[in-house]
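The residues making up each chain are set out below.
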Amino acid sequence: REIFRSLGVRRVVVGGQSMNPSTADLLAAVEAVPADEVVVLPNNSNIIAVAEQVDAQTDKAVRVVPTRGITEGFASLLSYDPQGTANDNRDAMADAVASVVAGEVTVAVRDSGSDVGDIHEGDYLGLSDGRVRVVAGSAFDALTGLLDALVEEDHEIVTLIAGEGAEEATTAAAVAWLQTERSGVEVEVHEGGQPLYPYYVGVE
């Protein structure tokens, strides 16, 4: 919340796994903002359709940037123009989102399978675009494996958002890995404190 507010966001509707906000929740936030035009960042693929229903329920102009995760939300805000219209901002911010490759590291809660091998409860998983990209025995191996898969030569910025399960030593080791293996990228680390996901990853 603090990071989003530092980037100019006026209202944050708290959600998360099994706590998806309703259209009414988003409408209340829109009505509380002192502006006639409002841009909404869902930051979750499950919320996009819900957010798109808000415009019809208010006299304000509400535009939705289809952000599917926290890192996409951050990237979109760097293209926000306080003097621009909601339509112009939606278009510019959506363009910024399209340039982001997003991923996350989480922990498997049960045994299952994937395209990259068997998954056992307690394994660390590197996910991107709804797919399991890495199965590993440690957060470091999952994170660096995911970064290895996502970060290409033309990328410039990697954002790591450390969750409540992330250890400082693991984060520092992953940054060092990037500086060695992808020396051309700038690395930004934020303390997100999010549950269930030790790391969110954004690549631009």
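The structure reproduced in this document is the subject of the present report. (Residues numbered from 1 in each chain as written. Predicted model: local features only at pLDDT ≥ 70, side-chain atom pairs only at ≥ 80, totals over all residues. Heavy atoms only, no water.)

1. Quick notes on the overall build of the chain
From N to C terminus, the chain includes 7 helices and 8 strands. A compact globule built from 204 residues should have a C-alpha radius of gyration of about 17 Å, and the chain, at 18 Å, falls within 12% of that. For the C-alpha atoms alone, the extent of the chain along its principal axes is close to 50 × 35 × 30 Å. Considering the chain as a whole, with its 204 residues, one finds that 42% of them fall into the buried category. Put simply, of all contacts in the chain between residues at least 6 apart along the chain, 61% involve residues at least 24 apart. Counting every atom, the chain has about 11,000 Å² of accessible surface; 44% of that belongs to carbon and sulfur. For the chain, the separation between the mean place of its 12 positive charges and that of its 34 negative charges on side chains is 7 Å. (Helix = DSSP H or I, 4+ residues; strand = E, 2+ residues; numbered from the N terminus. Rg over C-alpha atoms; globule rule 2.2 N^0.38 Å. Buried < 20%, exposed > 50% of the residue type's maximum accessible area, 1.4 Å probe, protein only. Contact = heavy atoms within 4.5 Å. Areas by Shrake-Rupley, 256 points an atom, 1.4 Å probe, with all protein chains shown as cover. Lys, Arg positive; Asp, Glu negative; His and termini not counted. Charge placed at Lys NZ, Arg CZ, Asp CG, Glu CD.)

2. Some details on the nonpolar core
Of all hydrophobic cores here, the largest spans 20 residues; its most connected members are L143, L147, V151, V158, L160, L178 and V201. Every element with two or more residues in this core is listed here: β5 (131–136), α6 (139–150), β6 (157–162), α7 (168–181) and β8 (199–203). The element best represented in this core is α6, accounting for 5 residues. Those residues in contact with V158, other than ones at most four positions away along the chain, are L147, V151, L178, V185, E186, V187, E188, G202 and V203. (Core = buried A, V, L, I, M, F, W, Y, C linked by side-chain atoms within 4.5 Å.)

3. Quick look at the pairing of β5
With 5 bridges connecting them, strand β4 (residues 124–128) and β5 associate as antiparallel partners. Within β5, the position partnered with L125 by the bridge is V135. Between the end of β4 and the start of β5, which pair antiparallel, lie 2 residues, with D129 showing a positive phi angle near 55°. (Pairing = 2+ DSSP bridges.)

4. A closer look at helix α2 (residues 23–32)
Regarding α2, the residues found buried are T23, L26, L27, A29 and V30. Seen along its axis, α2 keeps its buried residues to an arc of 160°; they face one direction. Each element contacted by the buried residues of α2 is listed here: β1 (37–40), α3 (48–51) and β2 (61–64). (Arc of directions from axis to C-beta.)

5. Quick word on a negative patch on the surface
On the surface, a cluster of negative charge is contributed by E152, E153, D154 and E156. Positionally, E153 belongs in the loop between α6 and β6. (Patch = residues over 30% accessible without salt bridge, like charges linked within 9 Å, V, L, I, M, F, W, Y side chains within 5 Å. Salt bridge = Lys/Arg side-chain N within 4 Å of Asp/Glu carboxyl O.)

6. Overview of a positive patch on the surface
A cluster of basic residues, R1, R5, R10 and R11, forms a positive patch at the surface. Its location among the elements puts R1 in the segment before α1 (2–6).

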